[in-house]
Amino acid sequence: MGILDNIAGELKTRNFSIYGQWTGILAIILCIALGIANIFTFNVVIIIFSVICLVSGLLLIFVEIPLLLRICPTSKQFDDFVKKFHSNYGRAGMYIVMAIVQFLSTLSQRVTSLIAAGIVLCLAGIFYLLAGFKGQEFTGSKTLGGSGVAAMMI
């Protein structure tokens, strides 16, 4: 069974926390890429929001890929901070706040591609919120170093 089979199997479980986690991976890629791409402008406000987007993407790497917390040398304070977002509601709140910050970048009278990062961050937050409302426990993807959903297969 390959990686794509694992991912497909996890997505078939109807667990919104898995959907949120994979949407979060897309958000990581977008935040890092768009954060770097929008930094090269002459608008100071856009540069500030680009740096925030880039930092958000780097933080999300550690939140969404638990394996990295085990293999990367990080401080105890950072580990404790990341562990605060282990619940569905905690992650939903974090993603919604990050999305709102990126949506605020449009107030600079210049809409940039940072809005795409905001939309994907919002989608991930909605998935985690739905998982919380449905009473689904947070379940990390086995592919990303989490506990997996093998017991939840339908």
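Residues numbered from 1 in each chain as written. Predicted model: local features only at pLDDT ≥ 70, side-chain atom pairs only at ≥ 80, totals over all residues. Heavy atoms only, no water.

Peer 1: Hey, could you run me through the packing of aromatic side chains in this one?
Peer 2: We describe a pair of aromatic rings using the distance from one ring centre to the other and the angle between the two ring planes. Enumeration over the complete set of coordinates arrives at seven aromatic pairs. On the numbers, 5.8 Å between centres and 70° between planes, the contact of Tyr-19 with Phe-127 is edge-to-face. Placement of Tyr-19 in helix 2 (residues 16–39) and of Phe-127 in helix 7 (residues 114–133) is noted, with a sequence separation of 108 residues between them. The buried category is assigned to Tyr-19, whose relative accessible area is 19%. The class for Phe-127 is partly exposed, based on a relative accessible area of 24%. Here Phe-62 and Phe-78 contribute two aromatic rings whose centre-to-centre distance is 5.2 Å and whose plane-to-plane angle is 90°, an arrangement assigned as edge-to-face. Of this pair, Phe-62 sits in helix 3 (residues 44–64) while Phe-78 sits in helix 5 (residues 76–83), and the two are 16 residues apart along the sequence. The buried category is assigned to Phe-62, whose relative accessible area is 19%. The structure contains a cluster of three or more aromatic residues connected by ring pairs, namely Phe-16, Tyr-19 and Phe-127. (Phe/Tyr/Trp six-rings, centres within 6.5 Å; stacked < 30°, edge-to-face > 60°. Helix = DSSP H or I, 4+ residues; strand = E, 2+ residues; numbered from the N terminus. Buried < 20%, exposed > 50% of the residue type's maximum accessible area, 1.4 Å probe, protein only.)

Peer 1: Mind showing me how you'd approach the nonpolar core here?
Peer 2: What tends to happen in soluble globular proteins is that the nonpolar side chains get buried as a cluster. Membership of the largest hydrophobic core comes to 30 residues, with the highest contact counts inside it found for Leu-60, Met-94, Tyr-95 and Leu-121. For this core, the secondary-structure elements that each account for two or more residues are helix 2, helix 3, helix 4 (66–71), helix 6 (88–104) and helix 7. Setting aside anything within four residues of it in sequence, one finds Tyr-95 in contact with Gly-24, Ala-27, Leu-60, Glu-64, Leu-121, Ala-124, Gly-125 and Tyr-128. (Core = buried A, V, L, I, M, F, W, Y, C linked by side-chain atoms within 4.5 Å. Contact = heavy atoms within 4.5 Å.)

Peer 1: Help me understand a nonpolar patch on the surface, please; the structure alone is not making it clear to me.
Peer 2: A cluster of nonpolar side chains, namely Tyr-89, Ile-119, Leu-123, Ile-126, Leu-129, Leu-130 and Phe-133, defines an oily patch on the protein surface of about 630 Å² accessible area. The element that contributes the greatest number of residues to the nonpolar patch is helix 7, accounting for six residues. Mapped onto the fold, Phe-133 is located in helix 7. (Patch = residues over 30% accessible without salt bridge, like charges linked within 9 Å, V, L, I, M, F, W, Y side chains within 5 Å. Areas by Shrake-Rupley, 256 points an atom, 1.4 Å probe, with all protein chains shown as cover. Salt bridge = Lys/Arg side-chain N within 4 Å of Asp/Glu carboxyl O.)

Peer 1: How should I be thinking about the pattern of salt bridges in this particular structure?
Peer 2: Any two side chains of opposite charge can pair, so long as their charged atoms come close to each other. All told, the structure shown has two salt bridges when counted by the stated rule. Its salt-bridge partner being Arg-91, residue Glu-64 comes within 2.8 Å of it at the nearest N-O pair. Taken together, the positions of Glu-64 in helix 3 and Arg-91 in helix 6 put the pair 27 residues apart, joining distant regions of the chain. Per residue, the accessibility class of Glu-64 equals that of Arg-91, and both read buried.

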